[in-house]
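Chain by chain, the residues:
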Amino acid sequence: MVSSASAIGVEIKGASLRYLDTSAPTLANLTLTIPKGQWTTLLGRSGCGKTTVLRYLAGLLDDKVEWCGHLTTDDGLPLSDRVAYMAQQDLLLPWLSIVDNVCLSRKFGQTNQSERPEHDVKQRAKSLLEQVGLADYKHAKPNQLSGGMRQRVALARTLMQDKPIVLMDEPFSALDAVTRHKLQTLSAELLKDKTVVLITHDPQEAVRLAQRLYVLQGAPANAQSLEVPKTHPPRVLDAQCAQLQQSILEQLESDYA
């Protein structure tokens, strides 16, 4: 797939996060380097601030959070209107067909899609559904699809936005192991030219997909970078990958001690 949106690298420096109903910060002195055109994965215990980092990148923080820090992009431009968000829930509207759910992304606030003629929008949505293997279901309703198929629709909808940065908040966690593996492979293929930030609780998923990997640890949490294999994702899980998974588990377990 050829994208019209060039990938962007992002860096967060010295960030701290505090929820206003607590006195102690959740994150402190957080520094993340998110290389352009690569997959960056974040792991950490529940409540360590992972999703809030994504919401910050997406410009979705509310007034219940105090965030301090410095964000830069490698082209010097703001992130506004350059981010697509794929959540754990597919968020499909049950009364719309699959193709119309994909077309909804043109209404998510971006200008490029809304300027396209309706026919072009529909054709692009159908093309994306073909890429995710759902061309025969374009007129179906969401309740006619399995969980894995619904997440493929959500992936097509994310691609429809054609943003240089894609934020993924545990999008495969509710799927069975085989379906999750297939969706990981498909996402790695279709998002290979994007800058992707993936939150996951699954060390195996992180190792399989990451080109930059961070574990959020401590209280307040900070980011520890782990070296990943040089092979390109999605990886075949070999002995080196198994050793990295074990290291991740040991680091995560230390936060529950």
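The preceding data block contains the structure.
Source: prediction; values computed, not measured.

Draft legend 1. Local environment of the overall build of the protein. Within the protein one finds eight helices and nine strands. For a compact globule of 257 residues, the expected C-alpha radius of gyration is about 18 Å, and the protein comes in at 18 Å, within 12% of that figure. On the principal axes, the C-alpha backbone points of the protein span a range of 55 × 40 × 35 Å. A buried classification covers 49% of the 257 residues belonging to the protein. A separation of at least 24 residues holds for 73% of the contacts in the protein among residues at least 6 apart in sequence. Working note: accessible area of the protein is about 12200 Å², and carbon and sulfur atoms make up 49% of it.

Draft legend 2. Fine view of the sheet that holds strand β6 (residues 165-169). In space, the six strands of this open sheet follow the order β5-β6-β7-β3-β8-β9, with mixed pairing throughout. Looking at the sheet topology across the chains shown, the edges are occupied by β5 (83-86) and β9 (222-226). Between one strand axis and the next, the sheet turns through 20° on average, direction left out of account. Pairing of strand β8 (residues 212-217) with β9, which is carried by five bridges, proceeds in the antiparallel orientation. Bridging from a neighbouring strand, Gln217 pairs with Asn222 of β9. Contacts between helix α8 (residues 239-254) and the sheet are confined to β3 (39-44), β8 and β9, with β8 contributing the most and set at about 20° to the helix.

Draft legend 3. Just the side chain of Thr40, in detail. Counting through the fold element by element, Thr40 comes out in strand β3. Contact partners of Thr40, with chain neighbours within four places excluded, come to Thr33, Ile34, Pro35, Val196, Val197, Leu198, Arg212 and Tyr214.

Draft legend 4. Main features of the environment of Arg150. Structurally, Arg150 is set in helix α5 (residues 147-161). Separated by 59 residues in the primary sequence, Arg150 and Leu91 have C-alpha atoms spaced 9.1 Å apart. Here Arg150 is in contact with Asp90, Leu92, Pro142, Asn143 and Leu145, once residues within four sequence places are set aside.

Draft legend 5. Quick peek at the packing of α5 against helix α6 (residues 177-190). For the pair α5 and α6, interaxial distance at closest approach is 11 Å and the crossing angle is 15°. By the criterion of interaxial angle, the relationship of α5 to α6 is roughly parallel. Once α5 is placed against α6, the crossing between them reads as right-handed. Along the contact surface, α5 presents Gly148, Gln151, Arg152, Leu155 and Leu159, while α6 presents Thr179, Leu183, Leu186, Ser187 and Leu190.

Draft legend 6. Spotlight on the side chain of Thr26. With respect to the secondary-structure elements, Thr26 resides in the loop between β1 (10-19) and β2 (27-34). In contact with Thr26, not counting residues within four places along its chain, are Leu17, Arg18, Tyr19, Gly47, Cys48, Gly49, Pro220 and Ala221.

Draft legend 7. Here's a closer look at helix α1 (residues 50-58). Looking only at α1, the buried set comprises Lys50, Thr52, Val53, Leu54, Tyr56 and Leu57. The first or second residue beyond α1 is Gly59, which carries a positive phi of 75°.

Draft legend 8. Summary view of unusual backbone geometry. That bond from Ala219 to Pro220 is cis: its omega, 0°, falls within 30 degrees of zero. The omega torsion of the bond from Pro233 to Pro234 falls at 0°, within 30 degrees of zero and hence cis. Along the chain, Pro234 falls in the loop between β9 and α8. For Asp81, which is not a glycine, the phi torsion comes out positive at approximately 65°. Mapped onto the elements, Asp81 comes out in the loop between β4 (65-73) and β5. If you check the backbone angles, Asp162 has positive phi at about 50° while not being a glycine. On the basis of relative accessible area, Asp162 is assigned to the buried category, the value being 9%.

Conventions and cut-offs
Residues numbered from 1 in each chain as written. Predicted model: local features only at pLDDT ≥ 70, side-chain atom pairs only at ≥ 80, totals over all residues. Heavy atoms only, no water. Helix = DSSP H or I, 4+ residues; strand = E, 2+ residues; numbered from the N terminus. Rg over C-alpha atoms; globule rule 2.2 N^0.38 Å. Buried < 20%, exposed > 50% of the residue type's maximum accessible area, 1.4 Å probe, protein only. Contact = heavy atoms within 4.5 Å. Areas by Shrake-Rupley, 256 points an atom, 1.4 Å probe, with all protein chains shown as cover. Pairing = 2+ DSSP bridges. Axes fitted to C-alpha atoms, helices over the stretch in contact; angles between N-to-C directions. Parallel < 35°, antiparallel > 145°, perpendicular 65-115°, else oblique. Left-handed = near helix turned anticlockwise from the far one by under 90°.

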